[in-house]
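Structural features, examined
Residue-level listing of the chains:
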Amino acid sequence: MTRRPAAPPMNGPRYNQFIVSPKVRVIDENGDNLGVLLTEEAIEQAGEVGLDLVEVSPNADPPVAKFLDVGKYKYEAQKKANLARKSQKTQDIKEIKMRPNIDDHDYEVKMKKVYSFIDDGDKVKITLRFRGRELSHRELGMNLLVRVQEDTKETAKVEAQPKMEGRQMLMVLAPK
């Protein structure tokens, strides 16, 4: 009964008998360049050391292969990818709600929050909610958003200019 070779690896680098190139540039376990060898010969040398021949740069001419432990190599690559994904900073949109006739102290408290969000690298959506007769005084809302723009011009840029959406006026700030 003849045994077929295992299926080639679907993800990760090619190794040992799955390397399709007839010749490869070989780097040993210590990082020394052994030169260009036939793939079969390189696999035998790797086997003598107790390691696998792993294709680390398949697009080079000839491809570069290294003496490595395949399982360890895949594990390290997966660990590195997980760390990169974990250290990525996602940018959230935080929302601050105000009213057009906001008091000075309330405005300062809201602006402290805006500064902290921007310092954390998040975008800030400022929502001005109009109620009742306030809707007829849109210029008060516009003046307030212009004041917010002036107060944050050193740390943030306006990503979305103030615009009305129903009973709300919206503006989005992004960190510089």
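Looking at an unreviewed UniProt entry, one finds the protein named Translation initiation factor IF-3, with Parasphingopyxis marina as its source organism. If you open the UniProt record of the protein and go to Subcellular location (unreviewed entry), you find "Cytoplasm". Here is the UniProt Function (unreviewed entry) comment for the protein, exactly as written: "IF-3 binds to the 30S ribosomal subunit and shifts the equilibrium between 70S ribosomes and their 50S and 30S subunits in favor of the free subunits, thus enhancing the availability of 30S subunits on which protein synthesis initiation begins."

**Topic: the sheet that holds strand β3 (residues 52-57)**
Judged by pairing direction, the sheet is mixed, and its four strands sit side by side in the order β2-β1-β4-β3 without closing on themselves. Strand pairing shows two members of the sheet lacking a second neighbour, β2 (33-38) and β3, which therefore form its edges. Here the average twist between neighbouring strands, direction ignored, is 35°. Pairing analysis gives three bridges linking strand β1 (residues 23-27) to strand β4 (residues 64-68), with the strands arranged parallel. Opposite valine 26, over in β4, you have alanine 65 as the bridge partner. Against the sheet, helix α1 (residues 39-49) engages β1, β2, β3 and β4, with an angle of about 130° to β2.

**A word on the UniProt feature "domain: Translation initiation factor 3 C-terminal" (unreviewed entry) in the protein**
Per the UniProt record, "domain: Translation initiation factor 3 C-terminal" (unreviewed entry) is annotated on residues 92-176. Spanning residues 92-176, this segment combines 36% helix with 36% strand, and its end C-alpha atoms are found 15 Å apart.

**A few points about the pairing of strand β7 (residues 156-165)**
Across seven bridges, β7 lies against strand β8 (residues 168-175) in antiparallel orientation. Counterpart to valine 158 in the pairing with β8 is leucine 173.

Cut-off values and rules
Residues numbered from 1 in each chain as written. Predicted model: local features only at pLDDT ≥ 70, side-chain atom pairs only at ≥ 80, totals over all residues. Heavy atoms only, no water. UniProt positions renumbered as here; feature names shortened; annotations may be inferred. Pairing = 2+ DSSP bridges. Helix = DSSP H or I, 4+ residues; strand = E, 2+ residues; numbered from the N terminus. Axes fitted to C-alpha atoms, helices over the stretch in contact; angles between N-to-C directions. Contact = heavy atoms within 4.5 Å.

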